[in-house]
Amino acid sequence: MSASPRNAEVVIGLFQALLVPELKLLGTEARKKHPPLKEACERAVSKLGNLDDVKESELDLLKALEEVWRPLLIACDCKSKGLVTLALGALQKLASHELVLLSAIPNIVTSLSKLRDAADESIHLKVLQCIMALFSSSGGYELSLAQMPVVFNLCFSLHQQRNYTVQSTAAATLSQVTTALFDKLASKKEKDDIEKSCKGANLLCKDLCTVLSGETGSYIKLQGEVPRIFILELLYSVVKDHSKVIAGIPCFVTFIKEDLSLVLAQLMQSANDLPQLVRIYRIVTVMLQHFPFDLVKQQELFINLMIKAVEFPDVPAWHRVVILTCWREFGENYYYLKKLFMRFDNNSKQLNLFQQLITAVCNVFKKAPPALFASISMNGERITLHKLLAIKSDEEILIKPGEPIVWAVDTIVAVCKSLSKLVELEGRPLTVAEVDNNVEEEIGEQDIAKHMLSSIWQQMLAACTLLLENSQDEETIEETLRCFKQFTHACGKAGLAKARDSFIAAMNKYTLPQQGVLTPKNMQVLRVLFDVANGLGGVLDSSWYLLLTNFQQLDILLSSSSNEQAEVALIRSLLSKIFEGTKYFDDNALLTMVHALCRLSSEMVTSSQSVSPSSRGVFSSFAIQRLADIAVVNVLRLQVFWDLLQEHFEWLVKESDNEAIRKASVDAASQTILSYLQKYRQPVVSPPLSPAVPLAPNGNRQRSTSTLERPSWLDESPSDQFWEMQPKVIAVLRAMRSSGKPDVAVGCLNLIFTVMQRAGQELVPASWRLILSILSSSSQTGAEVPIGFKSVVLVCSDFMPILDHDGLQALIACVGQFSQQTAIPDKTNTNLSAIQQTLSIADFCSSHPSHASPTHWNSLFVQLRDAASDARPEVRHSAMKTLFTALVTHGNGLPSPCWNTLFWDVLLKVLDNVHSAALAAEQQGLNQELQSQKGLIMHHSRNTAAKQWYETRCTVLDGVSRLIRVFYPVISTCVTRFSEVLNRMAVHLANASLHSTEEVATVGLKSLQFLLVDISNTAKEEHAVMLWEVAWSTWERIADTSGDGSPLITVVMSTLAEGLADLCGMAYQQNNIRLREYMEKQGDKVLALLEKLMKSKAAYDTVAFPSKLQQSVLKCIKVQPVPTNDIILKTRLVALLCSFLPSSDLLRSCSADPESIPKLLVHGEAQMCERVLGILRDVFCSTDLQDDVKRNTFDTIVRAVGSILLTRHFMPRKYEMWKIAVEVMPSIFQAALDTFKTEDLATEAMWQKIVAMLKGYLLIDAVQAAPPSQAYAEHPQQDHAEGCDMEVLSFVNTVLLPCTVRHKVANVQQEIIESICWCSRQQTKRLLSETAMQIMFGMCEADGDVGIQIGRAAMPVVALRCKEILKLYLTDYKSQGRCPLPQHRHDEVLSVFGRLARSEFPPVLFDTMRDPPSLRTTCPAAYGPRGLSVRLFPVLTEFVTCHDEELTEALRTVLRLVSSELGLA
């Protein structure tokens, strides 16, 4: 019946499906010979067919159907093979589907038991199949105490059959039934059920032991001889597979202790065949491991028997192999080993059974001949336990001589693994699996593993060493080295330093080759050592020194070797992996390793042997470099070992005399610092799995499909401790630099530059301060200056924004040190660049006001002040220019408190210092020339110290004055006692202006001038007055010294004059009101000063006139630098201008004596006159000049201009200053005429002077000319000044003549008209004469009152001039005969004819003609529009004799008009 209830329909269905076909077949077979069976089958089939509507439970249904399967039992009792076979098959099906009642099982068992004697083997197999179906562990029926002997007896009987199939099936059935028996036992929960069920099993086991000892059992009552091997295997399965069940039942434990152990001990001593001993030892091995607490004496007995067997020399090899396989199982069970040790070694009896067992294993190696080791191979075909179990007693046993050694190797490897695990589990509580296995005490009792290791490490070391030394097989060596690894790990974890060091030292012996070439064994040992170092670093402690010493020797060997084989590259890689793997070490292990490396490098320095160069010729120190590697890998834990590392680096650079070692130390520090700072700039990547990955606790490499297990600190973000640690890391550079070794100092500075390039953004403020202090101190050593300054430049360009207050202050001080460095006095590039960096700092402070404070600005200015006093001119000049540039550029953003410090502590001190230095240089002498630098030529203007200081003085004067001008509104309020500051500055400028050198004096004057101009509108009254007083005092002193005429004074006075001109221009032209007020107050001083300057010798100290001084004075006068309403000063100003023109006496003397003209030219009057006349015109014509001034000065101007106009008759052509007079005259006269009143005596006198001047200019040729008949030359020369004359005529016509009408000066008007008429007679000046004629005709053609009056005055002159031209032509025409007259004479007449034909004049013009009274009545046409033609009619008629066609044609036109006018047409 099944464990879970089934409904009736399911049960009926199963019966119908399984049994009905079988019953029908069985009935068919039995119908002739066995009628009862046939009838029983039919009834059963009939009953099964009528069960469709049954609703009973499964149990009731099975009871009701009990008679259904009775035909099957009847068939089993038949002698027919077919019927029995069919019945057994049906029974098997019913049993497998749990359709058999428990009450029917005894009958079934009885029926099956009867079939043991059946002759047919198939029936036996069916019987066994039924038994397995009935009593299998997967849901089968439980054997009762009464049925058990029958079933087992039946199975054993069938097992004794000769047929192999039946035997093997019976063996399998026995095994399964036994297993099912104990499985059912294990499923019992109640104690009573367990005791009831275990009796049969216990009796069974005892019977098996009884049979094993050669006796007959009382329970099963076996008949015949049962194979002992089968019983041993059956007992092995019971003990091994059901030990947990057995251990919980006292009767079974007693059986194991008293029955089974005794039998096995007897058999171990008596049995000699391999099959039995193998199985006996298997059972013993399982018993000892599963029942260590119960089999105390038995354990001692069994182990001693095995030890004796192994050590007995006559024991066959296979016997040793069998025992060693058992011991290997012991070795793999760390729990058993521990209990064995605790029971027999770690107690008062001191039986040392564990130690003896290990010693026996190790003795296998000691007793083996050395030659035997060469023949063993762990990879070759070897005997195994399965092969031993397969050997039969009668077969020949073939075991190689080295097989015991191979198994001994496996044994010690297993022991090492277990010991290693025990160490790992020391003190650990039970796991769930261990609780399930009824392990009742803690595995990790303190120090047990340590005692176990301590008791056997020497034996293990000797055995492993012997094996490693003599073995040549790669796998054997690998297994041996695995023992080394595991034992090293265990000893390290247990704290057995001596044992651990001994194992490490033993392996070290086999790492370095004897002949310089690495052997395969060397490579294997090295790999193991690398694994040990990489995976067991946390437990090596003092062994690190041994390992690292060996690795250093290896590194030296590899470096000195030229062999570049793949193994060498692999070793290098594995060696590097060791130090990369330190990231997985705990802090103590890491510190221990660092200690070992420090000790190693210290010994390298102090010993005579230095680190050898590598194969590529580059020096390398193993220990130092590996310290750096460790620091790089463990950068986030640097605080753990940094103190030790820093102290060691300092010691190396101070104590070592080897430059290569010092370089290696600096490089190591460099790697450490850089990696520390760059840690968080890139993500941490797990290292790939490599041959040197850490070891698992069992000694094997960890095989991970992804990455290694990452320590938690690898994923941490930088903590406060990290940032606090950073300055300590940087501080090592300062300590190393203080060693006094130049190469170290240079290396540290290079490192600082690299640090800033790669990780400058990661530096904290304290680190920056340290770095800047180091850089600052480097400015005092020549070799360090370029390198240190390179870093300073980098800080200024990239890192100023991240500096804190103190850091920026330190940077300013550092830059200042470099700007003043004298370590390389002949090369100032660094100084100049440093000074330039101060400007960058100033730019930063201005653009980041939140970062900069007044302290920073003040410090910056003080550094520049100190540099400005440098003895080297280029340095101090650069410093001062930078200072002033920074102030001008960023002055608006400068904090107010800085101005006071700037002036009192910086600028005034710079002024005083430079002034003192310049005086000191002067005292040394201006002629003491300086030596030129190599390859350079020094200019003569800078070849003395004094001259160089002059330049410096100019720079500082200009800079300070510019600052005051630009920032006066700010500094006047921020600087305390500013009046005193301004006064001191003014005194410095005044002293400079009076200096004996042109350069200094010029700068002083200009600076003073600019200061006056720029602050005149904004300065306080007291400041402005003080500046003006100093300025006037200085200017007057300069003007008073102008008498010596030295070149210096000339330049200075020119500068002064230019300055005054600029001041005047700004005051009057740019409308600088306040400056103009100051200038006007000093108007008389200005004019006096200008007069002194103009009349000084310096004004004429030039080659080209006007001189620079003269030009400046004139420029100043041009803007009229006097008060607008001061007529006296204005008059004085114009008179002063006129005084600059050549005097009339001088011009008359030149006219009378042409030899005196060069004297006039040498003094520059001619050139000067041109400029003065132009300015005179501008001044006189300006609207600012009062009419009174014009009237007062016009006479002087006319006289001066008139004198100059006369020079046209005697001055050389290239000095025609009269042309300038002609140009300015119209403007001057126009301005003057507008000021004179009509009908005024002064007006008439003025006109007389004007007319006299014009006559003197225009008519001098006429006065000296020949009579008209001789005036015309055959080929007249054109006057080069004819154009100027025409300009004068035009001015006279357009300006003067209308003014004469307005001023009612008719006599003057007539003189002017006559003068124009005289100009028309200038036949040598044809254009002039033609222009004069046109002007005269134009006078007569003008309209308006003014025009009419001028025309009336001009008409008589015009008529007379026309008649004169016509008469003179007729006379000359007649006298010339057939010779034609000159063309211009012809043109002149033709022009007159043309004007007569075109012009119609107002009749009123003829009123002033002196005609006879009767003419108006006799010839009215003479007073008409053509009156002039009518009056010339008599002369015109004379031209009828002229044969010139052109003239004749023009004459006809005129005569036709006249005739028309006279009424003669």
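Here, every reference points to the structure presented above.
It is worth spelling out the side chain of T1034 at this point. Examined against the element boundaries, T1034 turns out to sit in helix α47 (residues 1021-1040). In terms of polar contacts, T1034 uses its side chain to reach the backbone carbonyl oxygen of V1030, at 2.7 Å.

This brings us to the packing of helix α41 (residues 873-890) against helix α43 (residues 945-966). Packing of α41 against α43 brings their axes to within 10 Å, and their N-to-C directions diverge by 5°. Between α41 and α43, the angle is such that the two are roughly parallel. Between α41 and α43, the residues in contact are P873, R876, H877, M880, K881, F884, L887 and V888 and Q948, W949, E951, T952, T955, V956, G959, V960, R962 and L963, respectively. Residue classes in the contact of α41 with α43 are distributed as 9 nonpolar, 5 polar and 4 charged.

Among the secondary structure elements, S767 is positioned in helix α36 (residues 765-777). Among all residues touching S767, those that are not within four sequence positions of it are Q726, P727 and I730.

To continue, consider the packing of aromatic side chains. Applying the stated criterion to the full structure yields 22 aromatic pairs. With a centroid separation of 5.8 Å and an interplanar angle of 35°, the aromatic rings of W857 and F861 are classed as tilted. Taken together, the residues span about one helical turn, with W857 and F861 both in helix α40 (residues 854-867) at a distance of 4 residues. Note on W857: relative accessible area 2%, which makes it buried. Given the relative accessible area of 1%, F861 is considered buried. Through a chain of ring-to-ring contacts, three or more aromatic side chains come together here, namely F1180, F1194, F1229 and F1291. Between the NZ or CZ atom of R1321 and the centre of the ring of W1318, over which it lies, the distance is 4.6 Å. The ring of Y1423 has R1416 sitting right over it, with the charged end atom 4.0 Å from the ring centre.

One pass over the full model with this rule turns up 30 salt bridges. Across the pair R482 and E479 runs a salt bridge, and its minimum N-O distance is 3.6 Å. Remark: E479 and R482 occur in helix α24 (residues 474-494); sequence separation between them is 3 residues, near one turn of the helix. For the pair formed by R482 and E479, the shared burial category is buried. Between D501 and R500 there is a salt bridge, with the nearest N and O atoms lying 3.3 Å from each other. R500 gets classed as buried once you look at its relative accessible area, which sits at 2%. Overlapping salt bridges bring together R1321, R1361, E1364 and E1388 as one network.

Reading the values: the criteria
Residues numbered from 1 in each chain as written. Predicted model: local features only at pLDDT ≥ 70, side-chain atom pairs only at ≥ 80, totals over all residues. Heavy atoms only, no water. Helix = DSSP H or I, 4+ residues; strand = E, 2+ residues; numbered from the N terminus. Polar contact = N/O pair within 3.5 Å; in protein donor to acceptor, adjacent residues only side chain to side chain. Axes fitted to C-alpha atoms, helices over the stretch in contact; angles between N-to-C directions. Parallel < 35°, antiparallel > 145°, perpendicular 65-115°, else oblique. Contact = heavy atoms within 4.5 Å. Nonpolar A, V, L, I, M, F, W, Y, C, P; charged D, E, K, R; others polar. Phe/Tyr/Trp six-rings, centres within 6.5 Å; stacked < 30°, edge-to-face > 60°. Buried < 20%, exposed > 50% of the residue type's maximum accessible area, 1.4 Å probe, protein only. Lys NZ or Arg CZ within 6 Å of the ring centre and 35° of its normal. Salt bridge = Lys/Arg side-chain N within 4 Å of Asp/Glu carboxyl O.

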